[in-house]
Amino acid sequence: MKLSPLQIARYQYQPKLPGMLRNGISEICVKNGDATESVADQEKIKALFPNTYGKNEITFQKGENTSEAKKQVVGVILSGGQAPGGHNVICGLYDALKATNPENVLIGFKGGPSGLLDNDFIVFEDDYINQYRNTGGFDIIGSGRTKLETQEQFAVVVENCKNHGVNALVIIGGDDSNTNAAVLAEYCAAHNTGIQVIGCPKTIDGDLKNEDIECSFGFDTATKTYSEIIGNIERDANSAKKYWHFVKVMGRSASHVALECALETQPNICLIGEEVAAKKMSLAQITDYIADSVAARAAKGWNFGVAIIPEGIVEFVPEFSVLIAEINELLAGEKADAFNALPNWQAKYDFIEAGLTKESMAVFAILPQSIQQQLFLERDPHGNVQVSLIESEKLFSAMVKDNLAARKAAGTYSGKFSALHHFLGYEGRCAFPSNFDADYCYSLGYNAAMLIQYGYTGYLSKVSNLQAPAEEWVAGGMPITKMMNIERRHGADKPVIRKALVELDGAPFKFFESVREEWAVETCFTYPGAIQYFGPSEVCDLTTRTLALEKA
Ligand code: FBP
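Cut-offs and rules
- Residues numbered from 1 in each chain as written.
- Predicted model: local features only at pLDDT ≥ 70, side-chain atom pairs only at ≥ 80, totals over all residues.
- Heavy atoms only, no water.
- Pairing = 2+ DSSP bridges.
- Helix = DSSP H or I, 4+ residues; strand = E, 2+ residues; numbered from the N terminus.
- Contact = heavy atoms within 4.5 Å.
- Axes fitted to C-alpha atoms, helices over the stretch in contact; angles between N-to-C directions.
- 1 Å grid on protein atoms, 1.4 Å probe; cavity = no way out; pocket = protein on both sides within 12 Å on 5 of 7 lines; lining within 4 Å.
- Points joined across faces, edges and corners; volume = space filled by probe spheres on them.
- Nonpolar A, V, L, I, M, F, W, Y, C, P; charged D, E, K, R; others polar.
- Near = heavy atom within 4 Å.
- Polar contact = N/O pair within 3.5 Å; in protein donor to acceptor, adjacent residues only side chain to side chain.
- Areas by Shrake-Rupley, 256 points an atom, 1.4 Å probe, with all protein chains shown as cover.
- Expected span 1.5 Å × (residues − 1).
- Buried < 20%, exposed > 50% of the residue type's maximum accessible area, 1.4 Å probe, protein only.
- Right-handed = clockwise from strand over helix to strand, strands pointing away.

Trainee: Tell me about the sheet that holds strand 10 (residues 305-310), residues and numbers included.
Mentor: Judged by pairing direction, the sheet is parallel, and its 4 strands sit side by side in the order 9-10-8-11 without closing on themselves. A strand with exactly one partner marks an edge of an open sheet, and here the two such strands are strand 9 (269-270) and strand 11 (419-424). As paired elements, strand 8 (residues 244-249) and strand 11 share 6 bridges and run parallel to each other. Across the sheet, the residue bridging to Trp 244 is Ala 419, located in strand 11. Sheet contacts for helix 18 (residues 392-409): strand 8, strand 10 and strand 11; angle to strand 11, the most-contacted strand, approximately 160°.

Here it is, written out as structure tokens:
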């Protein structure tokens, strides 16, 4: 493998641990915190997790290590979408295990949860692991989206683990994967398997956070990567002064990624899905809101601008969700075949018109034809429209164009509108982790090894006080059940970790709300530039604006 100079330099980087984990393994002891309760539905969650519910929160501190000295054989998986820093979680875990006892073994199961089911694995050794230190990606063992949730799957996992002598599993994943980690931990405890399960909070989406988990890893690097690109686009827009750029950013349903990028780059527009839902905004209202900014800037002679659109926006527009539900119904089962057999778009359009309610047809009719067709093309294995694949950046720019044409006809607008489109997602998921993510992830992994060493199960590796320098970070663990509530999923009540959406009364949104009117009409762009890995701490180690505002 040919290495880039940065990769070679990053191999030398020594991630920073929380002060309390820097004393050497023999001087890390446990401080017990309070017993915990789930965030809601306490009785139901307690009944579902009789062996792992209600345990104490814990932190590590300097003191004599009182854990049992025994050989550890630990398995680890990466689960779900890539997020920068995943490799360092594994490196931190490996280093802590080896520092505790050189005989300890770390096994990586390949390709995500399916590796545990298929017994597809690698035993980590120095030479292999050293190639992945401080690098982006999940290619160290790969990842996947197989769900581990049935009793039959758990039985297979336990059997495979037992065959390797694995006494603990670390699951690095998002809210769903950590929910499954909690269920697996309960299963292992109930069946006296002797296997501990520890989770680690991953996702670029930033939607796995709560009063305990300050942020999921990967969010920092991914948003910095997108913000660099958006800043560059803003500077191009401000130089050429002839384009409006519509930039869709990943993040699934939640708009944390969009909001953080907006805080970093101060664009003219940033839509927030959660606000659209709360205000029940229609497509026409959103379009008007963007067109107002375009028109106000055009009046100053500025026919350029930047709008950030979160990936999940259309799900939050009430009339659009109804339209999607009707389309899913319209094409359910065999009706899809009848639709697909129609000879041309006009025939299909007539079929749609006959099947939708008047209200939904009115929404459908104003969509650009490319988006109308996308709604019928991109379907998941269950036949449902895949909302995340809808090119909402093109949807809004096309609707703004029509809106401006109407304003022009009415004599209220005389500018020029030329739009360009971008989708930022995969570009950020495997970037070299920022120093923050490199440090945070290494700490999460190191800390997970300590939780295992002290015999905990059903816990999430927790590192907090993240806005402070790493020296002051607080390492410990929290029962995963503390984050759970009961939600309706696929027609059944399920215990799940509550997904964190953007809070409209939270500091990041409040700040954005207080400045966005000015950003909409003035040119307030800021240019964050590329992630810096070497240099002064205030340039290299700072984390997100979101975290800074939340902790202010
Ligand atoms: P996770 O929730 O698994 O962390 O994945 C996040 C994400 O990057 C979303 O932002 C995006 O919608 C999705 O994954 C894309 O998934 P895929 O990699 O399967 O295309």
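Read on, since the account is not over.
Trainee: Describe the layout of surface pockets, listing the residues and the values that go with them.
Mentor: For the second largest pocket, the calculated volume is near 500 Å³. Around the second largest pocket, the lining comprises 22 residues; the ones closest to its centre are Lys 209, Asn 210, Ala 500, Glu 503 and Glu 550. Those elements giving two or more residues to the lining of the second largest pocket turn out to be helix 9 (256-265), helix 21 (507-521) and helix 23 (545-551). When residues in the lining of the second largest pocket are grouped by element, the largest group, 4 residues, is from helix 23. Residues of the lining of the second largest pocket, tallied by class, amount to 10 nonpolar, 4 polar and 8 charged.

Trainee: A description of the site of the ligand should follow, citing residues and the corresponding values.
Mentor: The full set close to the ligand counts 13 residues, and Gly 81, Thr 203, Asp 205, Tyr 426 and Arg 429 are the nearest of them. Gly 251 is positioned such that a nitrogen or oxygen atom in its backbone is 3.3 Å from an oxygen atom of the ligand. Within the contact set of the ligand, an oxygen atom lies 3.0 Å away from a side-chain nitrogen or oxygen of Glu 311. When the ligand sits alone it has 480 Å² of accessible area, and the protein chains cover 79% of it. Residues of the shell around the ligand, tallied by class, amount to 3 nonpolar, 4 polar and 6 charged.

Trainee: So what about empty space enclosed by the protein? Which residues, and what values?
Mentor: Scanning the entire structure with this criterion turns up 1 cavity of 30 Å³ or more. A volume near 50 Å³ is recorded for the largest cavity. Residue lining of the largest cavity: Gly 206, Lys 209, Glu 214, Cys 215, Phe 219, His 256, Thr 544, Thr 546, Leu 547 and Glu 550, and that is the complete set. For the lining of the largest cavity, the leading source of residues is helix 23, giving 3 residues.

Trainee: Residues and numbers for the side chain of Thr 223, please.
Mentor: Secondary-structure assignment places Thr 223 in helix 8 (residues 219-240). Once you skip the residues sitting within four places of it in the chain, Thr 223 turns out to touch Val 257, Glu 260, Cys 261 and Thr 544.

Trainee: Kindly report on helix 18, identifying the contributing residues and their values.
Mentor: Here helix 18 is 18 residues long and its end C-alpha atoms lie 26 Å apart, about the 26 Å a rise of 1.5 Å per residue gives. Every buried residue belonging to helix 18 is among Ser 392, Glu 393, Leu 395, Phe 396, Ser 397, Met 399, Val 400, Asn 403, Leu 404 and Arg 407, and all of these are buried. Phi for Gly 411, located one or two positions after helix 18, is positive at around 80°.

Trainee: For the pairing of strand 7 (residues 196-201), give the residues involved together with the corresponding values.
Mentor: The element strand 7 is extensively covered by neighbouring structure, given that 6 of its 6 residues are classed as buried. Burial along strand 7 is two-sided: Gln 196, Ile 198 and Cys 200 facing one way and Val 197, Gly 199 and Pro 201 facing the other are all buried. Sheet topology note: the strand 6 (residues 168-173)/strand 7 ladder contains 6 bridges and is parallel. Considered in strand 7, the bridge of Ile 172 is made with Cys 200. In this fold, strand 6 hands off to helix 7 (residues 175-190), which returns the chain to strand 7; that crossover is right-handed.

Trainee: Describe the sheet that holds strand 12 (residues 459-464), with residues and values.
Mentor: Strand order in the open sheet formed by 9 strands is 1-2-13-12-7-6-3-4-5, with mixed pairing between adjacent strands. A strand with exactly one partner marks an edge of an open sheet, and here the two such strands are strand 1 (28-35) and strand 5 (121-123). Looking at each pair of strands side by side, their axes are set apart by 25° on average, direction ignored. Bridging between strand 7 and strand 12 involves 2 bridges; their strand directions are parallel. For Ile 198, the partnering residue across the bridge sits in strand 12 and is Tyr 459.

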